[in-house]
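The primary structure of each chain is shown beneath.
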Amino acid sequence: MIFFSKSDKVTFYSILPLVVGILGFFLTIGLFTAYQALPSFMQFGSDLLITSIWRPADDPHLEAYGLAAPFIGSLYASTLATLIILPLSVALTFSITEILPRRIGGFLRVIIEIMGGLPTVVYGLWGAVVLAPYLRDYVMKPLHQYLGFIPIFSCRPITGYSVLTASLVLAVATTPYVTALLIEGYNMIPSKYKEGILCLGATKYEAFKLLFGLLKPYVIASSLLGFSRALGETTIVALTIGNTMRFTLCVFNPTHTIPSLIASQFESAGLYMYALPTLFAGGFLLLIASSVISYVGIKMLYAWRERVRV
Amino acid sequence: MSAYAIEVSNLRVRVRGLDVLRGVDLKVRRNTILVIMGPSGSGKSTLLRTLNRLTDFIDGINVEGSVVVLGRDVFTIDPCELRRKVVLVSQEPNPFPHMTIFDNVALPAKLNGIARNKQELYEVVKWALEKVMLWDEVKNRLRDYPHSLSGGQRQRLCLARALAAKPEILLLDEPTANIDPSNTFKIEESLRELREELTIVMVTHMPHQAVRVADHVALLYDGIIVEEGPAKEVFMNPKNDITNKFLRGAI
Amino acid sequence: MFRSYFIRKLKNYLMLSLAIFVSVLAVIPLFSMLYMVIVEGGKVLLDAGLSFITELPPTPLSSSIGGVAPALLGSVLASTLAIAISGPIAFLVAFFVTEFKNSSFSKISEVVVRSFSGIPSIIVSMFVYSTVVMRMGTQSLFAGSLSLAIVALPYAYVYFTSAMKSIPESLREAAMSLGMSRFKALRYVYVGVSKKYILTGILMSYIKAFGETAPLLFTMGFLMNSVFAGFLQPSNALPILVFIYALSPYEVFHKVAWGATLLLIIIYLVLFSLARSLLKGVKL
């Protein structure tokens, strides 16, 4: 470090403890969650991951918990959400960057920004009050009636609170974030490519398709980040998924995700011996999943940015 | 005290594996103007920036050799201290946009402890702006922001800002490259006068500018100084073939 | 030749229309939400008037709507406190990471802090509950603010790093070549040059904190019988009030939730347009 001036060194070493402290603090949150989860892992072992049961009892011997349903529910809802996010955000990116006149595109961008920052509880409320009954009457019922032989449509929609509703609201709420990432990436493509392609007489759609092809790793990375967001979202899911401890692959059924389970059970969990550790176990699994996915996504974004800069 | 303000010997600089300077030797006498000429990409800017260690901020740079400035090895003294005495003016005018014209010039004077009170500060600012012949143009709007100035005025403001730090050496990286003739003339005029007070090293790719201001010139080509000497000698009768070509505009 | 050109053109128009159609589909929910909240919440706000922001929440069977004073005050205080805690930390870390970018600490922090913005905020809520709330014996405004601060930190960090990156290289060189240390450059040049970005970052993080529900769920408490009970006592916040009242079975609570949602959206939109108008004025 011969390149540091003395005063810069002082600055470096005065802020360093703070930086290390923050890193340590983040690590502490992870370790603490793991530590709190330990009793549950020890007591239930692999049952925690393969059974779906929530049975608190005053007598610890009678307690039984299994997180398979909410864990699968989390993955399921987030995957569905990501599958909806992709076409939405790609279409938005295309519209904003290439199709719409600058002013209208800019206006659309502002709307997307507004949606991106809107408190999630508003989305949740909208999902519960407007979307759930609407979906039930106009989407779920017909689908069930005519396509009920397909397993994911096989169950009868009852309340509208379901995997489908939750995924859809999650998708609507996360699309702005993914769109912002995609637009950022798309604008990073050097303009010489764009000019070259348009010079060849390509139509707008062909040009976008070609350029977007260059963006493939970036799109995957953005989807991972969107997925990770959806995975951790609590408010929206708790208000729309129906909060039922039940393993299901049918999208019309209510179920739980890990965050919705935590949100609905945490307050009373302290009364039982293993309930709280089990919620921490769920939290820990979620934490690992979402940090690994975020990490991979961010690394991929950086790798792509490095590549495109040269 | 050495008669030389700057003594560079066998300076080699590599940036990410690429040779930029390949063994440069250079001496600059106090209170003279040295103009380093050379085509673009010859390593002029890098050479200039090693003199006050602005090269520290270039990623993947590797500097070898000895650079002694004002009698001290630049690699052992504190770079901030060094840069307070050896100030660089960049090619693009870069006044601080959030500060008034007055504050732009006053800041280095304040930081370097040149002025202790408001009156002294005003004097220093006035002195620096007069030196670059900007005082008459801006004295009634010292509270304005630099974006109200023309490009040439901004560059002179940057020169004044550098002077207000009261440096012993002034480094100029093509200061007139993007500036109209009348402002260029004013800057060159200021430099001739400033020579009385400090040592100046200027980089340019335009031979005629060197003719107008230089005491000494050096021609840098592909990381090596191919010729140096008193300006008149070099211009009247260049010994090196490359110098000859450069002066004729063939490189 | 001509035919294939025609087909390409046709495909182009079809895809363009499809993209615009899907884009419109993606933003319809916003208008649906605004419509719903303005209609439902508007009735409540008009009905309750100014007392909606000064009164205490109703009891389940009361006939008057009451107000959301504890939640409004709690939200404002907790978000302010959260940004006061995490803002300076995030700023210093962002400064460190951009200025000493070659240090391995910076490289690690950059990725870790950014990844942390994707971490489920409910876990932060659990963490603060188990460490702070359990120890203090009560949920509190303080615990809620702490929880929000942890969640807002990575956001503020992202905004502050882009503020630092917005500083043109030429001005960095100007500062450095005058012999400023990096800290002096920060103080005299960087902050001044990027102050609008910094302000926007503060405002956007504040907005983020203001709208968060999950971090407050187990930490903030649910104060209803007084407007303010103290920093170390339970408080309330608009998002959790909406969340809890929306899930409750009582009609009057639903009404309050609608009113609170409208209030939340109004505050959000005002702060958002403030942040935008700030950035619009940025020029160098």
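For the structure itself, look to the data block above.
Residues numbered from 1 in each chain as written. Chains lettered and ligands numbered in written order. Predicted model: local features only at pLDDT ≥ 70, side-chain atom pairs only at ≥ 80, totals over all residues. Heavy atoms only, no water.

Caption draft 1: Representation of the interface of chain A and chain C. Opposite the 75 residues of chain A that make contact, chain C presents 72 residues. For the chain A and chain C pair, buried surface summed over both sides reaches about 6,800 Å², with 81% attributable to carbon and sulfur atoms. The interface formed by chain A and chain C holds 3 salt bridges in total. Between A:Glu113 and C:Arg276 there is a salt bridge, with its nearest N and O atoms 3.3 Å apart. On the surface where chain A and chain C come into contact, there are 14 residue pairs in polar contact (both at pLDDT 80 or more). Here the residues of the side of chain A that touches chain C are counted per class, giving 51 nonpolar, 17 polar and 7 charged. (Contact = heavy atoms within 4.5 Å. Buried area = accessible area lost by both parts, 1.4 Å probe. Salt bridge = Lys/Arg side-chain N within 4 Å of Asp/Glu carboxyl O. Polar contact = N/O pair within 3.5 Å; in protein donor to acceptor, adjacent residues only side chain to side chain. Nonpolar A, V, L, I, M, F, W, Y, C, P; charged D, E, K, R; others polar.)

Caption draft 2: Main features of the sheet that holds strand 6 (residues 86-89) of chain B. Residues and elements named next belong to chain B. Spatially, 6-7-8-3-9-10 is the arrangement adopted by the 6 strands of the open sheet, whose pairing is mixed. A single partner strand is all that each edge strand has here, and the edge strands are strand 6 and strand 10 (224-230). Taking the axes of each pair of neighbouring strands and ignoring which way they run, one obtains an average angle of 15 degrees across the sheet. Here strand 3 (residues 33-37) runs beside strand 9 (residues 216-221); their pairing, made up of 4 bridges, is parallel. Of the residues in strand 9, the one forming a bridge with Ile 36 is Ala 218. Relative to strand 8 (residues 199-204), helix 7 (residues 181-194) is tilted by about 150 degrees, and along the sheet it contacts strand 3, strand 7 (169-173) and strand 8. (Pairing = 2+ DSSP bridges. Helix = DSSP H or I, 4+ residues; strand = E, 2+ residues; numbered from the N terminus. Axes fitted to C-alpha atoms, helices over the stretch in contact; angles between N-to-C directions.)

Caption draft 3: Quick peek at the packing of aromatic side chains. For the coordinates displayed, the defined rule picks out 29 aromatic pairs over all chains. Relative to C:Phe231, the ring of C:Phe228 lies with its centre 5.7 Å away and its plane at 80 degrees, an arrangement referred to as edge-to-face. Taking the relative accessible area as the measure of exposure, C:Phe228 reaches 38% and is therefore partly exposed. A relative accessible area of 41% places C:Phe231 in the partly exposed class. One cation-aromatic arrangement involves A:Lys192 over A:Tyr193; the distance from NZ or CZ to the ring centre is 5.9 Å. The ring of C:Tyr190 has C:Arg172 sitting right over it, with the charged end atom 5.0 Å from the ring centre. (Phe/Tyr/Trp six-rings, centres within 6.5 Å; stacked < 30°, edge-to-face > 60°. Buried < 20%, exposed > 50% of the residue type's maximum accessible area, 1.4 Å probe, protein only. Lys NZ or Arg CZ within 6 Å of the ring centre and 35° of its normal.)

Caption draft 4: Quick peek at a nonpolar patch on the surface. A surface patch of nonpolar side chains, amounting to about 550 Å² of accessible area, comprises C:Leu56, C:Leu73, C:Met136, C:Val227, C:Phe228, C:Phe231 and C:Leu232. Mapped onto the elements of the fold, C:Phe228 is located in the loop between helix 8 (195-211) and helix 9 (238-247). (Patch = residues over 30% accessible without salt bridge, like charges linked within 9 Å, V, L, I, M, F, W, Y side chains within 5 Å. Areas by Shrake-Rupley, 256 points an atom, 1.4 Å probe, with all protein chains shown as cover.)

Caption draft 5: Focus on the state of the cysteines. All names here are of chain A. Here the structure, examined in full by the defined rule, presents 1 disulfide over all chains. Bridging Cys 155 to Cys 250, the disulfide has an S-S length of 1.8 Å. Measuring handedness by torsion sign, the sulfur bridge of Cys 155 and Cys 250 sits at about -80 degrees and is left-handed. Placement of Cys 155 in the loop between helix 5 (120-147) and helix 6 (163-188) and of Cys 250 in the loop between helix 10 (235-240) and helix 11 (258-269) is noted, with a sequence separation of 95 residues between them. Using a relative accessible area of 13% as the deciding quantity, one classes Cys 155 as buried. (Disulfide = S-S within 2.5 Å.)

Caption draft 6: Quick peek at the interface of chain B and chain A. The interface of chain B with chain A comprises 6 residues on the first partner and 6 residues on the second. For the pair chain B and chain A, the summed buried surface comes to about 490 Å²; carbon and sulfur atoms form 55% of the total. Counting the contacts that link chain B with chain A gives 0 salt bridges. Put simply, chain B and chain A have 2 residue pairs in polar contact (both at pLDDT 80 or more) between them.

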